[in-house]
Amino acid sequence: MKLSLPVALAAALLLGGAGAQTLVPFKNLKLPFTVSLPKDWLIMDLGDGLAGVTVVSSKTPPASMIRLLYAPKNGKNTELKQEFRNFEAGVQQSGAKLKLYRGRNVSYGGVRGVEREYGLSHPKGNLRLRVWFGNGAKNLYSFQITDTPERYKTSNALFSRVLASVRF
């Protein structure tokens, strides 16, 4: 799955803070999963053509951002370690640097995957990310939270609640 990391980084650095934490069911029949999202967060189209949903905490800088993306596997075998290598290479190509804090195998909604947490340094600022790649029967999933280091603990807890609501 090719992620448009520079666009996502720019959006996270330019948009606003953490916002409300009440979760509400999100309805989109195109998604191959159901999920509940923060009530007052805004849906954002990053224009990168990726399938899924992106929500941000507000319109004013800097934003907390959750991306729940998927890509059909079309019968191909997906290697999650390779997906992370591709993700990390994309970050480096954008001029940012990653520091891996932790990684673990974890399932959400019955789909097995691998999750990693990173610190990201970029000329425009620093971010924290938690990225999960899931290997579903028909789709590859990429779910992530991106936020400032100062707000990450709070937004990461909210992201855990969002992930607990996912059903495939």
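Structural data are supplied above this passage.
Anyway, here's the lowdown on the structure attached to this text. (Residues numbered from 1 in each chain as written. Predicted model: local features only at pLDDT ≥ 70, side-chain atom pairs only at ≥ 80, totals over all residues. Heavy atoms only, no water.)

By the element assignment, Lys99 lies in strand 6 (residues 97-108). Taking the C-alpha atoms as reference points, Lys99 and Glu88, eleven residues apart in sequence, are found 10.0 Å from one another. Each residue touching Lys99, except ones within four places of it in the same chain, is listed here: Glu117, Tyr118 and Gly119. (Helix = DSSP H or I, 4+ residues; strand = E, 2+ residues; numbered from the N terminus. Contact = heavy atoms within 4.5 Å.)

Okay, the packing of aromatic side chains next. Tallying each qualifying case throughout the model produces ten aromatic pairs. Seen from their ring centres, Phe84 and Phe133 are 4.7 Å apart, and the 85° between their planes marks the pair as edge-to-face. Remark: Phe133 occurs in strand 8 (residues 125-135) and Phe84 occurs in helix 2 (residues 80-93); sequence separation between them is 49 residues. Phe133 matches Phe84 in its accessibility class, with the two residues each being buried. Their ring planes at 55° and their centres at 4.5 Å tell us that Tyr141 and Phe168 sit as a pair that is tilted. One end of the pair, Tyr141, is in strand 9 (residues 139-147); the other, Phe168, is in the segment after helix 3 (152-164), and 27 residues separate them in sequence. (Phe/Tyr/Trp six-rings, centres within 6.5 Å; stacked < 30°, edge-to-face > 60°. Buried < 20%, exposed > 50% of the residue type's maximum accessible area, 1.4 Å probe, protein only.)

What follows deals with helix 2. Taking 1.5 Å of rise per residue, 14 residues should cover 20 Å, and helix 2 covers 20 Å from first to last C-alpha, within 8% of that figure. Turning to helix 2, its buried residues are Leu80, Glu83, Phe84, Phe87 and Val91. An end-on view of helix 2 places all buried positions within 100° of arc, on one side of the element. Exposed side chains of helix 2 directed beyond 90 degrees from the buried face belong to Lys81, Gln92 and Gln93. Two or three places before Lys81, at the opening of helix 2, Glu79 has a side-chain oxygen 2.9 Å from that residue's backbone nitrogen. Just past helix 2, the residue Gly95 takes up positive phi, approximately 95°. (Expected span 1.5 Å × (residues − 1). Arc of directions from axis to C-beta. Polar contact = N/O pair within 3.5 Å; in protein donor to acceptor, adjacent residues only side chain to side chain.)

With that settled, consider unusual backbone geometry. Residue Asn74 is not a glycine yet carries a positive backbone phi of 50°. Tracing the chain through its elements places Asn74 in the loop between strand 5 (65-72) and helix 2. According to the relative accessible area criterion, Asn74 is exposed, its value standing at 65%.

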